[in-house]
Amino acid sequence: MSETSRPCPETDTHCPYCALQCGTRLTGDHAAAVTVEPTDFPVNRGKLCQKGWTAPQVLSATDRLLTPLVRGRDGQLTEASWDTALDTVADSLLRTRAQHGPDALAVFGGGGLTNEKAYLLGKFARLALGTSQIDYNGRFCMSSAAAAGNDAFGLDRGLPFPVTDLARARTVLLAGANVAETMPPLMQHLDQAQLIVADPRHSATARRAALHLQPAPGTDLALALGLMHLAVVEGLVDHAYIERRTRGFEAAVSRAAGWWPERVEAVTGVPVSAQRTAVHLLAESHDSYVLTGRGVEQHRQGTATTAAFINLALALGLPGSPGGGYGCLTGQGNGQGGREHGQKADQLPGYRSLTDPTDRAHVAGVWGVSPHQLPGPGRTAYELLDALGSEKGPRALLILGSNPAVSAPHSAQIAKRLASLDLLVVADFVPSETARMADVVLPVTQWAEEDGTLTNLEGRILRRRALLTPPPLVRSDLQILHDLAVRLGEPPDRYPAEPREVFEELRAASRGGRADYSGISYDRLDAGESLHWPCPDTAEPHPGTPRLFLDKFAHPDGRARFTDTDHHGPAENTSGDYPVHATTGRVLAHYQSGAQTRRVAELSEAVPEAFVEVHPDTAARCGLADRGLARITSARGGMTARVRLDPTLRPDTVFVPFHFAGAGRANLFTHPALDPRSGMPEFKVSAVRLDPLPE
Ligand SMILES: Nc1nc2c(c(=O)[nH]1)N[C@H]1C(S)=C(S)[C@@H](COP(=O)(O)OP(=O)(O)OC[C@H]3O[C@@H](n4cnc5c(=O)[nH]c(N)nc54)[C@H](O)[C@@H]3O)O[C@H]1N2
Ligand SMILES: Nc1nc2c(c(=O)[nH]1)N[C@H]1C(S)=C(S)[C@@H](COP(=O)(O)OP(=O)(O)OC[C@H]3O[C@@H](n4cnc5c(=O)[nH]c(N)nc54)[C@H](O)[C@@H]3O)O[C@H]1N2
Ligand code: SF4
Ligand SMILES: [Mo]
């Protein structure tokens, strides 16, 4: 066959970005030529968002990392061979460990990493480094909903039902989720439903809602308690369900009794009539869903707030009913799988616990070590980052799949911490803001150049498939972990670099665990089977579990738990010096810290710089002009953004996306107050002042 007639390589895979994991078909024989089209995969049914359509452009980003970099004596990052780079890292890790002990070494992972990477990273930290100091960016993302889900249902799986079930819903409450921008193809499944949206902004999603509730940031817990209160007094609760399937209703109800509608209106700003309409819409049938997003979860009381929305859903008899339920909209590409296989501070693969002796024994058995060799739980993400370089904190850090110099709260402080390390190693495919601070930068493969699995927001395991051969001097994350482990004196076969081999080990490690993958194989996935965990390894191939909780919840007695929670408000209230609430979040065109999407021309043209949405009255009070620059300052520090007037916003609130770097970092002002249960920072509310800035 001649060169020209050879068919162009093509593969079916999934978008590299969010947890919806839209199905895509890639075509092309080199990075700059790759084109993408949506497949008829159930979650996206032939649709993609703007980020998905343009994702291939990052493959040929002009500043893509194509060779290892090591910081020289002159302070500059310079190209180095892999041997030099890996030897530098291993020598430094060994030296630090000999001087300061294993907990002086730390690892920070990401919810975008495949299951195989997340699994091997956890194993690498606990065995090759011997450290307890590992956590990941999912702590900033899913942790409050995960904690609330575990408490209420005995199990945490974002959606305990397939996304396509939503298409039959009568009513859907989206609490703090802007799906129209953060998972646009999901909106097609909500077309038939009456939407209730709770968001301080009249977001793109709120514009499609039958009812928009506009609470002040950080007051959702009061709102949820108030809705529960109304459900009780208006006779809308499902007593038979509560009796049969739950515990703890009485305590939750007596708490909600203190949240009568007028009090809720005074605290949240949501009118009594809107509260009442919301409860009645939800209670019209059992075909209703309560879904939470980061807007209600990223708070000091994020776990309690999520629990209060779950209470409401339980009172109405929704979770585990065939046509309704509660779910949390998982965020990152592998936000679900990334929180199951051991990169979390307190966790072992299969959603096992690092403090449970049986769990430790099982995983140690699979790894061929004694349970005593496994360290205990370490610090949660923000605590870990904030301890770096301190007297008792880690002195060397390896980061895979996160850009905390932009995305961590109080980021000026975190950047200082990163700079104080003896060794910072970043594996990435672009020179992110964090990579540029590193002592050693390791260039890695991208999604279209690698194989693996991810678990989407429905707990469904998906295959990522390689279309392209990676650039010659780029290695996979798995290969890097293997190479480093060997240099640290570990047996080479303990860290397989082949994804399929890692998955086989992950299956064994997860066997019998809460997130049981033991019945899933690459062969089954490649044959097109749709498999949601738990999927145990049974004599007849197990069909997986698309719908959880239909008969019973995962607590030993099979019942769900109401949680007794009360509203205490955000860590920081507005004051004379800082009179306005600032909240943060996302826009359609950018992804997370923007490391990837700011490198795509079409996306950076769509939203080129940081902006702040301000109500015209607030702007007038602060002397701000539309399209002018503003300084947004909190007690922690300030950032610069371009003003966008928005008359639909609450006058006491401004909104800033967190996708931008440098002086445009929203996280220069955010508050690092943490939820005591989950370790989630309070990204969604700070008290700020707004001042005009000259161009
Ligand atoms: N375009 C895009 N899509 C993404 C991502 C991205 O970066 N860009 N990231 C992915 C990831 S990792 C995640 S976690 C998801 C997040 O998805 P979402 O949770 O939908 O995203 P956010 O924009 O963080 O927050 C949602 C909404 O919460 C509102 N909000 C802010 N404060 C409050 C509050 O106190 N109460 C209430 N009720 N609402 C509030 C904001 O105004 C915002 O409209 O998106 C995923 N999809
Ligand atoms: N103010 C504010 N801050 C927030 C939030 C908010 O709403 N407001 N949201 C929080 C949330 S929900 C999240 S999820 C975090 C996310 O914030 P980050 O953790 O910073 O996430 P990303 O920007 O996706 O960074 C991922 C980095 O890893 C690289 N990368 C991607 N895939 C891989 C891989 O497979 N291997 C390796 N080695 N590298 C890879 C990318 O190029 C990028 O540089 O931000 C949090 N920060
Ligand atoms: S919705 Fe998420 S998975 Fe789908 S194309 Fe957009 S970013 Fe990709
Ligand atoms: Mo996230």
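Since this is a predicted model, take the numbers as computed values, not measurements.

## Observations concerning the overall build of the chain
Next, step 1: Regarding its fold elements, the chain presents 21 helices and 29 strands.
Next, step 2: Against the 2.2 N^0.38 benchmark of 26 Å for 695 residues, the chain shows a C-alpha radius of gyration of 24 Å, consistent with a compact globule.
Next, step 3: Each of the three principal axes of the chain carries a C-alpha extent, and together these read 70 × 70 × 60 Å.
Next, step 4: By residue count, 65% of the 695 residues in the chain fall in the buried class.
Next, step 5: When contacts within the chain are restricted to residue pairs at least 6 apart in sequence, long-range pairs at least 24 apart make up 72% of them.
Next, step 6: Positive and negative side-chain charges in the chain, numbering 68 and 78 respectively, have mean positions lying 2 Å apart.

## Re the site of ligand 2
Next, step 1: Neighbouring residues of ligand 2: 30 residues in total, closest Asn137, Ser402, Ser407, Asp428 and Ser593.
Next, step 2: A distance of 2.6 Å separates an oxygen atom of ligand 2 from a polar side-chain atom of Asp428.
Next, step 3: Residue Thr584 places a side-chain N or O atom 2.9 Å away from a nitrogen atom belonging to ligand 2.
Next, step 4: Split into classes, the residues belonging to the shell around ligand 2 amount to 11 nonpolar, 14 polar and 5 charged.
Next, step 5: Counting only domains with at least three residues in the shell around ligand 2, you end up with domain 2 (69–140 + 334–444 + 476–514) and domain 5 (580–693).

## Let's talk about the site of ligand 1
Next, step 1: Around ligand 1, the surrounding shell holds 32 residues, and the nearest of these are Asp199, Asp220, Arg586, His590 and Gln592.
Next, step 2: Within the side chain of His299, an N or O atom sits 3.2 Å from an oxygen atom of ligand 1.
Next, step 3: The fraction of the free accessible surface of ligand 1 (910 Å²) that becomes covered by protein chains is 99%.
Next, step 4: Contributions of two or more residues to the shell around ligand 1 are made by helix H5 (179–182), helix H11 (294–297) and strand E22 (580–585).
Next, step 5: In terms of residues, the shell around ligand 1 owes the most to one element, H11, which gives 3 residues.
Next, step 6: Residues belonging to the shell around ligand 1 are distributed by class as follows: 10 nonpolar, 14 polar and 8 charged.

## Comments concerning the pattern of salt bridges
Next, step 1: Taken as a whole and assessed by the stated rule, the structure comprises 41 salt bridges.
Next, step 2: Put simply, Glu505 and Lys123 hold a salt bridge, and the shortest N to O gap is 2.6 Å. Of this pair, Glu505 sits in helix H18 (residues 499–510) while Lys123 sits in helix H3 (residues 115–129), and the two are 382 residues apart along the sequence. Each member of the pair, Glu505 together with Lys123, is buried.

## Details of the domain arrangement of the chain
Next, step 1: Domain parsing of the chain yields domain 1 (1–60 + 445–475), domain 2 (69–140 + 334–444 + 476–514), domain 3 (143–329), domain 4 (515–553) and domain 5 (580–693).
Next, step 2: Centre-to-centre, using C-alpha coordinates, domain 2 lies 29 Å away from domain 4.
Next, step 3: Looking at the side of domain 2 facing domain 4, the largest losses of area belong to Arg500, Phe503 and Arg507, adding up to 43% of the total buried there.
Next, step 4: Counting across the domain 2 and domain 4 interface gives 2 salt bridges.
Next, step 5: One salt bridge connects Arg511 with Asp537, and the closest N-O pair in it is separated by 3.2 Å.
Next, step 6: In this assembly, domain 2 and domain 4 are joined by 13 residue pairs in polar contact (both at pLDDT 80 or more).
Next, step 7: Those elements giving two or more residues to the side of domain 2 that touches domain 4 turn out to be H3 and H18.
Next, step 8: The dominant element in the side of domain 2 that touches domain 4, judged by the number of residues it contributes, is H18, at 6 residues.
Next, step 9: Taken together, the residues of the side of domain 2 that touches domain 4 sort by class into 4 nonpolar, 8 polar and 6 charged.

## A closer look at the environment of Val253
Next, step 1: With respect to the helices, strands and loops of the structure, Val253 is situated in helix H8 (residues 249–257).
Next, step 2: We classify Val253 as buried; its relative accessible area is 17%.
Next, step 3: Residues Val253 and Pro499 lie 246 residues apart in sequence; the distance between their C-alpha atoms is 49 Å.
Next, step 4: Ignoring any residue separated from it by four or fewer positions in sequence, one finds Val253 in contact with Met228 and Val232.

## Regarding the packing of aromatic side chains
Next, step 1: Under the definition given, this model contains 13 aromatic pairs.
Next, step 2: Residues Tyr17 and Tyr591 carry aromatic rings whose centres are separated by 5.0 Å and whose planes lie at 45 degrees to one another, so their mutual orientation is tilted. Residue Tyr17 is located in the loop between strand E1 (10–14) and strand E2 (23–27), and its partner Tyr591 is located in the loop between E22 and helix H20 (601–606); the two are separated by 574 residues in the primary sequence.
Next, step 3: Classification of Tyr591 as buried rests on a relative accessible area of 12%.
Next, step 4: When the centroid spacing of 6.5 Å and the interplanar angle of 55 degrees are considered together, the rings of Phe503 and Tyr517 count as tilted. On the criterion of sequence distance, the pair formed by Phe503 in helix H18 and Tyr517 in the loop between H18 and helix H19 (522–526) is long-range, its members being 14 residues apart. The exposure classification of Phe503 matches that of Tyr517, with both residues buried.
Next, step 5: One aromatic cluster is present, built from ring pairs that chain together Phe153, Tyr326, Phe549 and Phe553.

## Structural notes on the pairing of strand E8 (residues 171–175)
Next, step 1: The buried fraction of E8 is high, at 5 of 5 residues.
Next, step 2: Residues of E8 alternate between two faces, with Thr171, Leu173 and Ala175 on one and Val172 and Leu174 on the opposite face, all of them buried.
Next, step 3: By the bridge criterion, 5 bridges tie E8 to strand E9 (residues 194–198) in an arrangement that is parallel. Counterpart to Leu174 in the pairing with E9 is Val197.

## Observations concerning the nonpolar core
Next, step 1: Residues Phe124, Leu174 and Leu186 are the most contacted members of the largest nonpolar core, which totals 190 residues.
Next, step 2: When sequence neighbours within four positions are dropped, the list of residues in contact with Phe124 reads Leu129, Leu398, Leu481, Leu484, Ala485, Leu488 and Tyr495.
Next, step 3: Residues Leu69, Ala106, Leu397 and Ile399 belong to the second largest nonpolar core, which totals 23 residues.

The rules behind these values
Residues numbered from 1 in each chain as written. Chains lettered and ligands numbered in written order. Predicted model: local features only at pLDDT ≥ 70, side-chain atom pairs only at ≥ 80, totals over all residues. Heavy atoms only, no water. Helix = DSSP H or I, 4+ residues; strand = E, 2+ residues; numbered from the N terminus. Rg over C-alpha atoms; globule rule 2.2 N^0.38 Å. Buried < 20%, exposed > 50% of the residue type's maximum accessible area, 1.4 Å probe, protein only. Contact = heavy atoms within 4.5 Å. Lys, Arg positive; Asp, Glu negative; His and termini not counted. Charge placed at Lys NZ, Arg CZ, Asp CG, Glu CD. Near = heavy atom within 4 Å. Polar contact = N/O pair within 3.5 Å; in protein donor to acceptor, adjacent residues only side chain to side chain. Nonpolar A, V, L, I, M, F, W, Y, C, P; charged D, E, K, R; others polar. Domains from an automatic or database assignment. Areas by Shrake-Rupley, 256 points an atom, 1.4 Å probe, with all protein chains shown as cover. Salt bridge = Lys/Arg side-chain N within 4 Å of Asp/Glu carboxyl O. Buried area = accessible area lost by both parts, 1.4 Å probe. Phe/Tyr/Trp six-rings, centres within 6.5 Å; stacked < 30°, edge-to-face > 60°. Pairing = 2+ DSSP bridges. Core = buried A, V, L, I, M, F, W, Y, C linked by side-chain atoms within 4.5 Å.

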